[in-house]
Each structure stands twice: as C-alpha cells, then as structure tokens.
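# Structure assessment
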Amino acid sequence: MGKFWQYAGDVIERMRGEPDGTGWMHDTIRKNALMPEIVTDSYVHSMMMAIIVAAHETTALASANMFRTLLTHRDAWDDICADPSLIPNAVEECLRFCGSIVAWRRETTGPATVGGVDLPEGAKLLIVMASGNQDDRHFEDGDRFDIYRDNAVEHLSFGYGSHQCMGKNIGRMEMRIFLEEMTRRLPHLRLAEQDFTYLPNTSFRGPDHVRVEWDPAANPERTDPSIRERQRHFPVGAPERKAIARRVTVTSVRREADGVLGLTLADAKGRALPAWSPGAHVELVVDGFDRKYSLCGRPGRNAYELAILREEDGRGGSRHIHEAVCEGMECKLRGPHNLFRLDESAPHHLLVAGGIGITPLIAMADRLKALGKAYAIHYCGRSRSGMAFLDRLAADHGAVLTLHVTDEGSRADLAALVAGLPTGAHIMACGPDRMIAALEGLTAALPDGTLHFEHFGTALGTLDPEKEQAFDVHLRDSDLTLTVGADTTLLDTLRAAGIDIASDCCEGLCGSCEVGVIDGAIDHRDRVLSKAERTDNTRMMACCSRAADGGRITLAL
C-alpha cells in the first residue's frame, strides 16, 4: 500500500507539471492549488488512487470474470461469435451476473427505512450489489446467465444515482473491445483445466488467473487474413434495449375464444427458456410490431404460452399477429419481465379479471393453488364465447371461480366484493380502465398495497409540442438543472445528460422509470400510481409525466 501511495503521488506531480492539461483530474489539481483548504492534498491523493484502481483493477477483474463465464456457458460464446451485435448486452449481463464489485461500504446521512428496517443517521452499511444483481424481484430467473436479458443494463455493478461510477462507459468500451477481438480471432478459445483462486475480500471479486488454450492452426485468420483488421463499432453507453431479443419458434397456434389467438413459443435452438413468475409478460416482435403480452401457461414448462386479443380499433399489431403468425414461424421475443408481482405472503387473494385480463391472473391462480393459499376468482366478460380459458378455469379452479357474463344478465358487484374482503387480503386486478378506476375508488380507504392492478394499455400518445410546455428540473443530488423541451420527455432529457434511469414500457404502465420528487407540482400521466400516491406528490414516472403548467420541479437524482 505504501508503494501504491508513492506511485499515485508521482503521477500527481507529473500532472502538476502540465498546468494546461485537460480532464477531471487536471481540474482537481488546479482547484487544489486555488483552494487547498477545500480540495485538500489528501483528497487529491485518495482520488488518484481510486481512479487507478477503478481504471485497472476493477476492469481487469470484470474482464476475467467475463471470459470465465462466457467460456463456461459455451452456447452464449458461440452465439456471440456468430453475431457480434450481441457483444454490448453480453458485457452488461456479465457485469450483472459476475461483476467485479461485490459490495461497498456506505453510511446513512439521515434516518431511513430499507426493507422494513429502520436505520438511524450514521448507520454503517455494507451494500451487497452482487446480491441485488440476482434479485428475482427485478430480474426474472436472476440466477440464470442470459445474454438475451433485455434489462441486464439495470445491474448495480457501476453503482447507482449520485454514487455511480464516472468511468462506467470506459469500462464498457474496454470489455467490448476485449470480447470483440477474442471472439473474432479466436472463436475456438476454451478454458484450460485449472483451479480458480481469489484474493479474499468483501469488495472486489475476480480470479487471480484465467488460463485458456486454443489450436493456432485453427485460427480463422490463417485462411482469411482480413479477419485481423475487421473491427466493429459500438456506440458509447448502455446498449439499446430494442436491439436485444431472442429467437423463438411458434410451435402451436389455436383459438382460445372468439377473437383470442393462443400461441405456444419455444426457443428456436431448442434451449431452455428463462423461468418466469406469475404476472410476468414478454414482448413479442413480429414483422416490425412490438407488443407486450402476459404469460398464461404453467411455470416450469419449457415453452411460453400467450393469449392475444384481436383489437380491431388498435394500432394494428394484434391484427397482424392474428393474420400472419403460423405454426413453425420464427419471431423474436424480449423478456420475461414481471411488473405485476404476486405477494405470496398475503393470507387471501381476490383475483378480478375483465376480458383478456384473465391472462396474468390464471397463472396467479395456478400458483396460489399450488401453495395451498386462499383465493377467489371473479371473471367478467360480455359473453362466454369471448372469454378465454373457461374450461381450464372450471377444471382447475372451479370451486373458487365466479363468472360474470353480461349477456346472461350477470354483473360483478365490485362494492360487495371489496366490502367482503378478509383482513389483510390483496386484490389483483387486470381489465379495462373503468373496472380499475372503480376498484381504486372502492379501496381508497383500505391499507396501502391492498389493490394491485395492471392495465391493458395506455391512451398515452406521442408528444404534441404545440400542446406541451417546456419546464426546468433541478437534480438535487447532482446539483444540475436541465430544461425539458416541449418536444421531449423527462426520461430522454435525463439520459441525454448522462443520468441513467431504468425504463421498460415508456408508456406509463410499468413503473420502472419512477423517480423521487422533492418539490414542484406534477402532471401525472401514468397508469401506475394510485390517486393517493399522486396526491402525496413524492414520485413520478419520467417517461410520461411532466411538471404541471410548465413549473419548476426538483428531483432526488
């Protein structure tokens, strides 16, 4: 450590000899000369040491972890060799699954509650990011390594918020270059037989060595020397989510009800698909149409089942799928994601479905039955002919199933259902807006978290600059003020400024892009927050909501 301290000091002195040098460290050294009582010598020294470690040790360890993981998961390595466009997301998945930062120490600057545990000011914390990176509540099948995971970029290996790594994009770039070079020139690379050893500590994780081997005679450049010079350009920053999708094959097409098409999907290469939990959805990509649908099969099967309602007055995606998709066809798929998660600890569940809203709830019913939990299903529809899964529901859940069929004169008495709710019960609802709105009103006086719902879709359209107002947003933690134009969203403005914000639907439906509000009135346009939560004015969805009347807002970013 003493030699490291001395080396960092030598680098600082060399940089002091470059008074016109550019970059953050040169600027810090100049500030140290101007205000040494604020930017102290020890601060400059410690920052130099941190930069050296961040630029070398963490990236080296992350790269070693990456090669070990990919060469262990040979299917993933071979896919990258065949399609280098997978490299950016493969790097993110490696950072999520086996990043070099295991944990970091932090101290609370004020009282806080985390996971139901009250923490006083000054509490010493060990933040285990590696555990969060495999949390199934955020990453479906989180213990699985999957280079097609389209939210891998939401890992915590670079930190988050005001503590995020300033050199994250350099690290990404270096790892992409390493991987692109090796997969292009040594696709036959393999791990050598070895025992991996690690330096014991609580912060960093990476093997001391990764020994590999290959047959030089099999190098592709032996027969095609141009391979040496072929290089691929990757844009700076996180990969685009839309560029990430796995290929699946339609193995079955069937009629589930009038206007409802049932599909069964399997991996195009015969591999196992990621596991999923009740309430999860996938995004089906067919001929340029991207549409989200709930998974409604039984978890554990190596196939995904969807039920797709044909919407004649929609945007054309469901009509095209109904008309174009056939058995044996290949298409693309993103996910699964779960933004409508079942709380299995609740003593009772009331499942309320309207029309095609039965799709996420039937999987929840299957799960609750398997757990031996108390539940009831109320399924509403215009006519039996248009209600999917009636036979399956009757066979598997008949004792707890109540149908409300309009053309048979039966309508659900939502007020009575809510009034008869057992203590501590949860309502899981999916259906049309008027049903969700009615349940919101009926449960307004019940404890927070009683009602959980998912909308079919959103009425949110593209921004009309003629009808919108620009507004200023101050980011308290970053001490940065930005202007959100009338023709752009808060989410896009934050990302353009280098502020990483998670997102998924970008339609105000999922809640992924939630940010904390400190001050200012919000024009809420999402379908996530309840009326009470909107009144509290402490959260907003960055993809769609804006400052009310063009006012200034302050966010905890």
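Everything in this summary refers to the structure shown in the same document.

### Things to note about the side chain of His155
Relative to the helices and strands, His155 is located in the loop between helix 6 (129-132) and helix 7 (168-185). If we ignore the near neighbours within four places in the chain, the residues touching His155 are Glu92, Leu95, Arg96, Asn133 and Phe139.

### Some words on helix 1 (residues 2-16)
Given 3.6 residues to a turn, an α-helix orients residues that are three or four positions apart in the same direction. For helix 1, spanning 15 residues, the distance from its first C-alpha to its last is 21 Å, which sits close to the expected 21 Å at 1.5 Å a residue. Residues of helix 1 that are buried include every one of Ala8, Gly9, Val11, Ile12 and Met15, and no others. On an axial view of helix 1, the arc spanned by its buried residues comes to 160°, and they lie on one face. Among the exposed residues of helix 1, those pointing more than 90 degrees away from its buried face are Gly2, Lys3, Gln6 and Arg14.

### Some points on the sheet that holds strand 13 (residues 348-354)
The sheet built from five strands is open, its strands ordered 15-14-13-16-17 with parallel pairing. Sheet topology places strand 15 (401-405) and strand 17 (451-455) at the edges, where each strand pairs with a single neighbour. Across the sheet, the mean angle from the axis of one strand to that of its neighbour is 15°, orientation sign disregarded. Pairing geometry for strand 16 (residues 426-431) and strand 17, over five bridges, is parallel. The residue of strand 17 that forms the bridge with Gly431 is His455. Where helix 9 (residues 358-371) meets the sheet, it contacts strand 13, strand 14 (374-381), strand 16 and strand 17, and its direction lies at approximately 155° from that of strand 13.

### Describing the pattern of salt bridges
Applying the stated criterion across every chain, the model contains 41 salt bridges. For Glu305, the salt bridge identified is with Arg254, shortest N-O distance 3.9 Å. Here the residue Glu305 occupies a position in strand 11 (residues 304-309), and Arg254 occupies one in strand 7 (residues 246-257), the gap between them amounting to 51 residues. By relative accessible area, which is 14% here, Glu305 ends up buried. A relative accessible area of 23% means that Arg254 is categorised as partly exposed. The partner of Asp523 in a salt bridge is Arg525, and the shortest N-O contact between them spans 3.0 Å. Residue class for Arg525 comes out partly exposed when judged on its relative accessible area of 26%. Beyond isolated ion pairs, a larger network of salt bridges with shared partners links Glu180, Glu181, Arg184, Arg185, Glu221 and Arg228.

### Here's the deal with a nonpolar patch on the surface
Together, Trp24, Tyr43, Ile51 and Met166 give the surface a local cluster of nonpolar side chains, amounting to about 410 Å² of exposed area. When you line up the elements, Met166 lands in the loop between helix 6 and helix 7. Owing to a relative accessible area of 68%, Met166 belongs among the exposed residues under this scheme.

### Here we look at the environment of Tyr379
Within the element layout of this structure, Tyr379 appears in strand 14. Among residues more than four places away in sequence, those in contact with Tyr379 are Ala353, Gly355, Ile358, Met387, Ala388, Leu390, Leu393, Leu401, Thr402, Leu403 and His404. Within polar-contact distance, the side chain of Tyr379 engages the backbone nitrogen of Ala388 at 2.9 Å.

### Remarks on the layout of surface pockets
The probe, sized like a water molecule, is rolled over the atoms to show the empty space still left. Counted as a void, the second largest pocket has a volume near 870 Å³. Residue lining of the second largest pocket: 39 residues in total, with Leu86, Ile147, Tyr148, Ile244 and Ala245 positioned closest to the centre. Elements supplying a minimum of two residues to the lining of the second largest pocket: helix 4 (74-82), helix 5 (87-98), strand 7 and strand 12 (330-337). Broken down by element, the lining of the second largest pocket gets its largest block of residues, five residues, from helix 4. A breakdown of the residues in the lining of the second largest pocket according to their chemical character gives 17 nonpolar, five polar and 17 charged.

Rules behind the numbers
Residues numbered from 1 in each chain as written. Predicted model: local features only at pLDDT ≥ 70, side-chain atom pairs only at ≥ 80, totals over all residues. Heavy atoms only, no water. Helix = DSSP H or I, 4+ residues; strand = E, 2+ residues; numbered from the N terminus. Contact = heavy atoms within 4.5 Å. Expected span 1.5 Å × (residues − 1). Buried < 20%, exposed > 50% of the residue type's maximum accessible area, 1.4 Å probe, protein only. Arc of directions from axis to C-beta. Pairing = 2+ DSSP bridges. Axes fitted to C-alpha atoms, helices over the stretch in contact; angles between N-to-C directions. Salt bridge = Lys/Arg side-chain N within 4 Å of Asp/Glu carboxyl O. Patch = residues over 30% accessible without salt bridge, like charges linked within 9 Å, V, L, I, M, F, W, Y side chains within 5 Å. Areas by Shrake-Rupley, 256 points an atom, 1.4 Å probe, with all protein chains shown as cover. Polar contact = N/O pair within 3.5 Å; in protein donor to acceptor, adjacent residues only side chain to side chain. 1 Å grid on protein atoms, 1.4 Å probe; cavity = no way out; pocket = protein on both sides within 12 Å on 5 of 7 lines; lining within 4 Å. Points joined across faces, edges and corners; volume = space filled by probe spheres on them. Nonpolar A, V, L, I, M, F, W, Y, C, P; charged D, E, K, R; others polar.

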